[in-house]
Amino acid sequence: MPLSFQSDSHGQIAFGFFNIEADMLLLEHYFFFANDFCRLVCELARDPDSISRTIQIKGFHIKDRDKIGDLMGAIHGIRFKGFIGEIYKKFAFPGDQRDFKQNPLGYQTRSVVKSIIKPFSVQCDIGLTIQKSGDASICEYIFKRPVFFELIHYVLEGGYPRWKDGILPGYAAEMKECLEKCTISYFRDFDLSDIIE
């Protein structure tokens, strides 16, 4: 489930996984795959010159809220509007609440998710920049450093409700390793102590 995070630029915004069988993330009205987000963070963590340099990945933009859909309606199986509605038609919310865990094999559904999002969206570049101030920007959204760290933690943990069986997918494990080995001062106090192995 996406959670609410405090941005400096737009107040409370939604960020996170929105279906347990898909490894796509949403950031308000932008959508991109979690492995690409992890790759961006790794690039920043490995590059001592990463401050003020924008790194980009490909993603999708859905401007119209109706085309995004109704997450709670789709979860409850009562309203299948827009992109999210179509995702839940394909990958329904589990009948047993105990099965509500983020699937670390969600990358296997990427081609299906891409085919579903394309009619609702336009492809776009998703840019991530670490400012000299320490703030991070993703597209037009600006986050203080601690909140940006919360976004990274969210992905490492498998969001809410966490990774199924406590297993990190390869891209999250790689990001964790990048952050563990990172010597760049920006990430020096990033806390990995509560992240599963």
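Up top is the structure.
Just so we're clear, the structure is a prediction, and the values are computed from it rather than from any experiment. Starting afresh in each chain, residues are numbered from 1 along the sequence in its written order. Predicted model: local features are reported for residues with pLDDT of at least 70 only, side-chain atom pairs are reported and counted for 80 or more only, and whole-chain, interface and lining totals are derived from all residues. Working from all heavy atoms in the structure, the side-chain values ignore hydrogens and water.

### Observations concerning the sheet that holds strand E1 (residues 3–7)
For step 1, the next point in the chain: In short, DSSP must find at least two bridges between two strands for them to pair. Numbering of helices and strands runs from the N terminus, with a helix taken as a DSSP run of H or I at least four residues long and a strand as a DSSP run of E at least two residues long. The antiparallel open sheet is built from eight strands, whose spatial order is E1-E2-E3-E4-E5-E6-E7-E8. The two strands at the open ends of the sheet, each matched to only one other strand, are E1 and strand E8 (141–143). Neighbour-to-neighbour, the strand axes of the sheet open up by a mean angle of 30°, direction not taken into account.
For step 2, the next point in the chain: Sheet topology places strand E5 (residues 54–61) next to strand E6 (residues 122–130); eight bridges connect them, and they run antiparallel. Of the residues in E6, the one forming a bridge with Ile 55 is Leu 128. Every axis corresponds to a line fitted to the C-alpha atoms, with the helix fit spanning only the stretch in contact, and the corresponding angles, defined between N-to-C directions, vary from 0 to 180 degrees.

### Some remarks on the layout of surface pockets
For step 1, the next point in the chain: Definitions used for this entry: grid spacing 1 Å over protein atoms alone; cavity, a set of points where a 1.4 Å probe fits but cannot get out; pocket, an open set with protein on both sides within 12 Å along at least 5 of 7 lines; lining residue, one with an atom within 4 Å of a point. Grid points are joined across faces, edges and corners, and a volume is the space filled by probe spheres set on the points. Each pocket or cavity is described by its volume, and for the largest pocket that value is around 160 Å³.
For step 2, the next point in the chain: Pro 2, Ala 14, Leu 26, Glu 28, Arg 65, Asp 66, Ile 68, Gly 69, Leu 71, Lys 81 and Ile 84 are the residues that line the largest pocket.
For step 3, the next point in the chain: Ranked by residue count, the leading element in the lining of the largest pocket is helix H2 (residues 65–68), at three residues.
For step 4, the next point in the chain: A per-class count over the lining of the largest pocket returns six nonpolar, one polar and four charged. Lys, Arg, Asp and Glu make up the charged group, whereas Ala, Val, Leu, Ile, Met, Phe, Trp, Tyr, Cys and Pro make up the nonpolar group; the residues left over, Gly among them, are polar.

### Some thoughts on the packing of aromatic side chains
For step 1, the next point in the chain: The rule is short: rings of Phe, Tyr and Trp, with Trp giving its six-membered ring, pair when the centres are within 6.5 Å, and they are stacked under 30 degrees, edge-to-face over 60, tilted in between. Per the stated rule, a full pass over the model turns up 17 aromatic pairs.
For step 2, the next point in the chain: On the numbers, 4.9 Å between centres and 40° between planes, the contact of Phe 93 with Phe 100 is tilted.
For step 3, the next point in the chain: Note on classification: 1.4 Å probe, protein chains only; a residue is buried when its accessible area is under 20% of the maximum for its type, exposed when over 50%, partly exposed between these limits. For Phe 93, a relative accessible area of 22% corresponds to the partly exposed category.
For step 4, the next point in the chain: What links up through ring pairs into an aromatic cluster is the set Phe 5, Phe 15, Phe 17, Phe 32, Phe 37, Tyr 154 and Trp 163.
For step 5, the next point in the chain: We call a charge positioned over a ring when the NZ of a Lys or the CZ of an Arg lies within 6 Å of the ring centre and within 35 degrees of the ring normal. One residue, Arg 145, lies across the ring of Tyr 186, its end atom 5.1 Å from the ring centre.

### Some remarks on the environment of Leu 128
For step 1, the next point in the chain: With respect to the element layout, Leu 128 can be found in strand E6.
For step 2, the next point in the chain: Residue contacts are defined here by distance: any two heavy atoms, one from each residue, within 4.5 Å place the two residues in contact. Once you skip the residues sitting within four places of it in the chain, Leu 128 turns out to touch Leu 40, Leu 44, Arg 53, Thr 54, Ile 55, Ser 137, Ile 138 and Phe 148.

### Here's the deal with the environment of Phe 190
For step 1, the next point in the chain: Secondary-structure assignment places Phe 190 in the segment after helix H7 (170–181).
For step 2, the next point in the chain: Residues Phe 190 and Leu 179, spaced 11 residues apart in sequence, show a C-alpha to C-alpha distance of 7.7 Å.
For step 3, the next point in the chain: When near neighbours in sequence (up to four residues on either side) are disregarded, Phe 190 contacts Phe 149, Ile 152, His 153, Leu 156 and Leu 179.

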